[in-house]
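Now for the letters of each chain:
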Amino acid sequence: MSETLQSAPLLSTPAEHLFESDELAQVAHDGKSQRSDEQIYITYEIERTLAEIKKGKWSRVALQFPDEMLPDAPKVFELLRDGFRGGASHARASSIHEINTGVASIGFGDSGSTEIRPYILADTSYGSCCVDEIASEHVGADVVVHYGRSCLSPTARLPVIYVFTEQNLNIDLVIVAFLETYLKRDCKVILMADIPYSSHLVKIVERLRVIGYTQVFSTNIIHEPSSALPNRTVPPEVEADPSKLSEWELFHIANPPEALLLTLSSRVSRIYIYPVANSSCEQPNKLITVSTARALSRRYALLTSVSTVPIFGILINTLSVKNYIHIVEHVKSQILAAGKKSYTFVVGKINAAKVANFSEIGAWVVIGCWESSLVESKDFWKPVITPFELGLALKRDDERVWTGTWRSDFQAILDAADQVGPDMNGSSMAAKTSSNGLGVSEASRGRGDDDGEIDSEDESAPPEFDLRTGRYVSHSRPMQPSLAAANRMPLGNDRRQDVGNALIKRAKGDLAVVGGELSPAAEYLRSERTWTGLGSDFEIAHEDADPAGAAVEEGRSGIARGYVQRDGASRT
């Protein structure tokens, strides 16, 4: 990595960074919708939404909007509310009055036994691409209507109605750009578009086939992030043999997320992107040829740099994606099996200021949807990796093989772990390692000869060095037993003591023990922190000597508007 932070960043967000996007800043400035009532009715698919809600017999409906669509939320709210009361046709024919008092002043009308109540979710707990089940449950919603582009990750609790908010696209310009790129009519090309533009693919393919292209495949949206093309269908020959996907090229409309590009870089032969930023121009936009070699090299350098990290932080970036608890447990078992320590954090939306508060953490593992788990930013003080990258980072240097394949969907990792079995993915090893309080595995404690000497695998392991600095790392695997600690542990169930209550003499170089378990964080607090709490601002000459601290004095008392001093005088 070209730049490395030497200290933690400021733990606050500057005011000028409140809106990083000019588009979001403009939306926040005026707060008014730029679409007509007819455009809103069509774009937000009011008629289909009403039909599905009534079919499901749901009474509480949560409406989730991304930030850029919040100005349309009041009108969408009124169209749905009028549709619930008088039908879809009435909602389309009724006039929408200007809303000046905001969403808070909108009433729901007279309450009835079958009344349907919509609620606007003005903010999301995590990324806008994920369904916010947490905020929806706060209002007791029965269903969530998700507007805008989505990662389509399966939800855990609530049903979802997806409204992709179809966007306009100049099909003629797209075809011109396609013809300029693919001169041969028999080339294999997969047409794919970002979700708001996917409805135009059928017309584009029909016109290309009329021109003479015979090997053009149009993708359809499916809810399967672990597919060969995430959330998209694949050609029939690829379904039979996934390796044949490398024979196809990808023509993508609109800028895809970075996670999709890294995932597909090793699966298709070439990727072209047609940007839609200036779709109103009369000339076709210039295609972008995707090259992910530098991005993949940066990710590989990132995961190799954390191979000697002793403490990992697990950042939970979703509470809605199905099986997120299983991947958290899987990551914990992997880290523990590698002899390292992990701590779990739930911080909501991730930013550099939040994670910089925990200087003990050497690297972060993000548990999120397949799009949000990839965090590319130089603002973070410590590296942020995905569960897939963690699996490579925990391997030793002689075992780690980088093939260029990259994936962000954690469900595929769980499926692969189930196929390999618990003995190979570290779950069993982690269970045995954590069965005793000090992280000493039964296998390492049971090894020995007639003289009682313990053959520690840790002692014969090759030394580990930081690949960035070249320095020797002595505690890269703090949860693995040292030879001295293993010798102090009693062998056999008949002589096993309660390590939570046993007093064990701490040898030089051993880590701190809290509640009978090794605690690298406590060791960091003991050895690295300059201030360890109240009363630590003076030095103790000898452990047995009395501390030469300041005399205890009676301070102020009372309440904030009038403190009482020691002499009895009040002071405001």
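The coordinates are above.
Read on for an overview of the structure. (Residues numbered from 1 in each chain as written. Predicted model: local features only at pLDDT ≥ 70, side-chain atom pairs only at ≥ 80, totals over all residues. Heavy atoms only, no water.)

**What about the overall build of the protein chain?**
Okay, step 1: For the protein chain, the helix and strand inventory stands at 21 helices and 20 strands.
Okay, step 2: Considering the protein chain as a whole, with its 572 residues, one finds that 44% of them fall into the buried category.
Okay, step 3: Taking the intrachain contacts of the protein chain between residues at least 6 apart in sequence as the baseline, contacts between residues at least 24 apart amount to 64%.
Okay, step 4: For the protein chain, the computed accessible surface area is about 31,500 Å², with 50% contributed by carbon and sulfur atoms. (Helix = DSSP H or I, 4+ residues; strand = E, 2+ residues; numbered from the N terminus. Buried < 20%, exposed > 50% of the residue type's maximum accessible area, 1.4 Å probe, protein only. Contact = heavy atoms within 4.5 Å. Areas by Shrake-Rupley, 256 points an atom, 1.4 Å probe, with all protein chains shown as cover.)

**Digging into helix α3 (residues 46–56)**
Okay, step 1: For α3, the complete set of buried residues consists of I46, T49, L50 and I53. Take α3 and look down its axis: the buried residues cluster within an arc of 100°, on one side only.
Okay, step 2: After α3 finishes, the residue K57 shows a positive phi value of roughly 60°. (Arc of directions from axis to C-beta.)

**Quick look at the packing of α3 against helix α4 (residues 73–86)**
Okay, step 1: The N-to-C vectors of α3 and α4 enclose an angle of 50°; their axes lie 10 Å apart at closest approach. The orientation of α3 relative to α4 falls into the category oblique. In the packing of α3 onto α4, the handedness of the crossing is right-handed. Facing α3, whose interface residues are I46, T49, L50, I53 and K54, α4 presents V76, L79, L80, G83 and F84.
Okay, step 2: Taken together, the residues that form the contact of α3 with α4 break down as seven nonpolar, two polar and one charged. (Axes fitted to C-alpha atoms, helices over the stretch in contact; angles between N-to-C directions. Parallel < 35°, antiparallel > 145°, perpendicular 65-115°, else oblique. Left-handed = near helix turned anticlockwise from the far one by under 90°. Nonpolar A, V, L, I, M, F, W, Y, C, P; charged D, E, K, R; others polar.)

**What about the environment of L152?**
Okay, step 1: Counting through the fold element by element, L152 comes out in the loop between β3 (143–147) and β4 (160–163).
Okay, step 2: Classification of L152 by relative accessible area gives buried; the value is 1%.
Okay, step 3: Along the chain, L152 and N231 lie 79 residues apart, while their C-alpha atoms are 7.1 Å from each other.
Okay, step 4: Not counting the four nearest positions on each side in its chain, L152 is found in contact with Y162, F164, I195, I221, I222, H223, P225 and N231.

**Some words on the pattern of salt bridges**
Okay, step 1: Applying the stated criterion to the full structure yields 15 salt bridges.
Okay, step 2: The residue E376 makes a salt bridge to R299 at a minimum N-O spacing of 3.7 Å. With E376 in the loop between β12 (363–367) and β13 (384–385) and R299 in helix α11 (residues 293–305), this pair connects stretches of sequence that are 77 residues apart.
Okay, step 3: Residues participating in the shared-partner salt-bridge network are R298, R299, E376 and E389. (Salt bridge = Lys/Arg side-chain N within 4 Å of Asp/Glu carboxyl O.)

**A few points about the sheet that holds strand β1 (residues 60–64)**
Okay, step 1: The parallel open sheet is built from four strands, whose spatial order is β2-β1-β3-β4. Every interior strand has two partners, whereas the edge strands, β2 (117–121) and β4, have only one. For this sheet the average axis-to-axis angle between neighbouring strands, irrespective of direction, equals 20°. (Pairing = 2+ DSSP bridges.)

**As for the sheet that holds strand β10 (residues 311–316)**
Okay, step 1: Pairing is parallel across the open sheet formed by four strands, whose spatial order is β11-β10-β12-β13. Looking along the sheet, the strands with just one partner apiece sit at the ends: β11 (341–345) and β13.
Okay, step 2: With two bridges connecting them, β12 and β13 associate as parallel partners. When the sheet's bridge partners are listed, W364 is paired in β13 with V384.
Okay, step 3: Contacts from helix α12 (residues 324–337) reach β10, β11 and β12 within the one sheet, and its direction differs from that of β10 by about 175°.

**Digging into unusual backbone geometry**
Okay, step 1: Of note, the phi angle at T165 is positive, near 50°, even though the residue is not glycine.
Okay, step 2: Within the secondary structure, T165 is located in the loop between β4 and α7 (171–181).

Keep in mind that these numbers describe shape and distance, not what the molecule does.
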